[in-house]
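Secondary and tertiary structure notes
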Amino acid sequence: MNKHTWVADLGDGTYKNPILYADYSDPDAIRVGDDYFMIASSFSNAPGLPLLHSKDLVNWKVVNYIIEEIPDQRYEKPTHGCGVWAPAIRYHEGVFYACFPMPDEGIYMSTTKDPFGTWSKPINIRPGAGWIDPCPFWDDDGNAYLVAGVARSRIGYKSVLHLVRMKPDGTGIFGEEVRIFDGNLNDQETIEGPKMYKRNGYYYIFAPAGGVKTGWQTVLRSKKIWGPYEYKVVMRQGNTPINGPHQGAWVDTVTGEDWFLHFQDVYAAGRITHLQPMTWVNDWPVIGAYVEGTDYGVPVTTYQKPKVGGIYEITAPEESDDFSKETLGLQWQWNANPKKDWYELNPKKQELHLRAVYDQGVNVISELPNLLLQKWPAPEFTCEMKMDLSHMEVGDSAGIVSMGITFGGILCTRKENGFVIEQILGTQEFVKEKAFATQNRVICEETNQSEICFRYEVRRMGIRESAETTDAPQEKIYLSYRLDGEQFKPAVDFKAQAGRWVGVKLGMVCTTSCETTAGYAVAEYVRFMV
């Protein structure tokens, strides 16, 4: 199962963008020696804060999660759109720092000396709602700082960047919080996602503005850390199909090259990751391909790979799963903070046992915490899953799910005399960050067979009708199933619509309406193909 549906490395010394056609939103990255580490938002899915690793900035693998669960009790239930927003990763004096915001709870910090191992339990270094997108910074004199943006939905205003002193060990902040840049006064509305660096005596803050789907990349600079800061737009969409282009990270190579990782919001698939060359002109960066007659760049679609001092394996994050490992694959996340008794792996038999979790009266699948989900891995693909339902009890349901604002699934429910197969189709609406969902269930058929295969297909159906961009794809999701000896039968199809700040996810679930007794479903494999 080593084949991938999207590979950015073209095998001839060049690569194509995006380097990850998957929802690794708000990426930040660092180089430590000849290793690159990248983290991304995870919102209300757990485990949270995926950590990716690369040797060449093009080929990436998920190698860890920084937090096992979201640090607040309310995330035991799905809390769509909340949770872990845009993080930052830094390395200082032998310690890795992961700083992340939870817009309702505060700014958190987690640390480790081994990024592949266990990270410390996150501590809240600035409790309270409103601040987002934090980035720690250590100056040459040993003083430490934290720069951050704000969320209007929590604090009542936006487009402002703050700077505050931070304890050098990252365990807290102190002193006066200073507003160092107001994008409302500088034609940089919705400036956010700040990342701070220092070069040639200048303090730089890389920060996107103009909105996730319609904006550009701005850079601030000053000779003094508290400002005043001047600014310049250093990357625009131009005539390319890469809308946004939004926040990311400046990294260099051991050979002296500079590169910039950023995301593009493509609606249903979420926020996909791009890699751009970066050059310096008069101590200002130009990101992407330089546009003649301007002082900015535009995103590239293909380019020479970074010179990193070596040649490395062509790879991508895992997708398919045969459940042959001792631990759950890193492609999987839950719809809320998980419980240990939700699943059990049997690697000798290559099986994942999904226990039927009591639904507590929840009547829509989008609000079930025990959805086991993963990101879309490509613009178009097919995924097939096989389940054995023979160990389920009466009242248990199991099947395939698709999670977005529009969500759907195929559920098989155990009855006294066999199984009922139903199609699910529902929608979510959000009022002040709270989700309200409705769904319909329609019986497809009844059967005595306990083994069933599900198919999940994503196909492009043209360009999305949108006032924000003319280039975004519109996809359609097709869900079908097959009983032994039969062909796949269509169950439900619908237009793909992203979730709350996240791309559509697919996966599986096993639930029950019974409080006292419950069985389990056996997932035998999950296979992706183009």
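Residues numbered from 1 in each chain as written. Predicted model: local features only at pLDDT ≥ 70, side-chain atom pairs only at ≥ 80, totals over all residues. Heavy atoms only, no water.

The next thing to look at is the sheet that holds strand β6 (residues 88-92). Across the sheet, which stays open at both edges, the 4 strands sit in the order β6-β7-β8-β9 with antiparallel pairing between neighbours. The open sheet is flanked by β6 and β9 (123-127), the only strands paired with a single partner. On average, adjacent strands in this sheet sit at an angle of 25° to one another, irrespective of strand direction. Two elements, β6 and strand β7 (residues 95-102), share 5 bridges in a ladder whose sense is antiparallel. Along β7, the bridge assignment pairs A88 with C99. (Pairing = 2+ DSSP bridges. Helix = DSSP H or I, 4+ residues; strand = E, 2+ residues; numbered from the N terminus. Axes fitted to C-alpha atoms, helices over the stretch in contact; angles between N-to-C directions.)

A word on the pairing of strand β29 (residues 372-375). Along β29, one buried face is formed by L372 and Q374 and the opposite face, lined by L373 and K375, is buried too. Summarising the sheet, strand β25 (residues 333-334) and β29 pair through 2 bridges and their orientation is antiparallel. The residue bridging Q333 from the neighbouring strand is L373, located in β29. Pairing between β29 and strand β38 (residues 505-512): 4 bridges, direction antiparallel. Each residue of the ladder has a partner; that of L373, found in β38, is G507. (Buried < 20%, exposed > 50% of the residue type's maximum accessible area, 1.4 Å probe, protein only.)

Right, let's get into the pairing of strand β12 (residues 160-166). Taking burial as the measure, the 7 residues of β12 include 6 buried ones, the bulk of the element. The antiparallel pairing of β12 with strand β13 (residues 173-182) creates a hairpin that spans 6 residues between the two strands, and G170 there sits at a positive phi of about 75°.

Let us now look at the environment of S25. Mapping S25 onto the fold places it in the loop between β1 (14-16) and β2 (28-32). Note on S25: relative accessible area 1%, which makes it buried. Among residues more than four places away in sequence, those in contact with S25 are A40, S41, F43 and R271. Within the local environment of S25, its side chain forms a polar contact with the side chain of R271, the two groups lying 3.3 Å apart. (Contact = heavy atoms within 4.5 Å. Polar contact = N/O pair within 3.5 Å; in protein donor to acceptor, adjacent residues only side chain to side chain.)

Under the criterion given, the structure shown has 0 disulfides. In this model C82 remains outside any disulfide bridge; the closest cysteine sulfur is found in C99, 19 Å from its own. C99 takes part in no disulfide bond, and the closest cysteine sulfur to it belongs to C135, at a distance of 7.8 Å. (Disulfide = S-S within 2.5 Å.)

Turning our eyes to something else, we now look at the sheet that holds β12. Consider a sheet: its strands pair through backbone hydrogen bonds, and that pairing is either parallel or antiparallel. With antiparallel pairing, 4 strands are arranged side by side in an open sheet as β10-β11-β12-β13. For this open sheet the edge positions go to β10 (131-138) and β13, each flanked by a neighbour on one side alone. The sheet shows a mean angle of 25° between the axes of neighbouring strands, direction not considered. Pairing analysis gives 6 bridges linking β10 to strand β11 (residues 144-150), with the strands arranged antiparallel. The partner of P136 across the bridge, within β11, is L146.

Time to look at the pattern of salt bridges. Tallied over the entire structure, the rule returns 34 salt bridges. Residue R74 is joined to E105 by a salt bridge in which the shortest nitrogen-to-oxygen separation is 3.0 Å. In this pair, R74 sits in the loop between β5 (60-67) and β6 while E105 sits in the loop between β7 and β8 (106-112), placing the two residues 31 residues apart along the sequence. We classify R74 as partly exposed; its relative accessible area is 34%. Where salt bridges share partners, they join R74, D104, E105, R154, E433 and R500 into one cluster. (Salt bridge = Lys/Arg side-chain N within 4 Å of Asp/Glu carboxyl O.)

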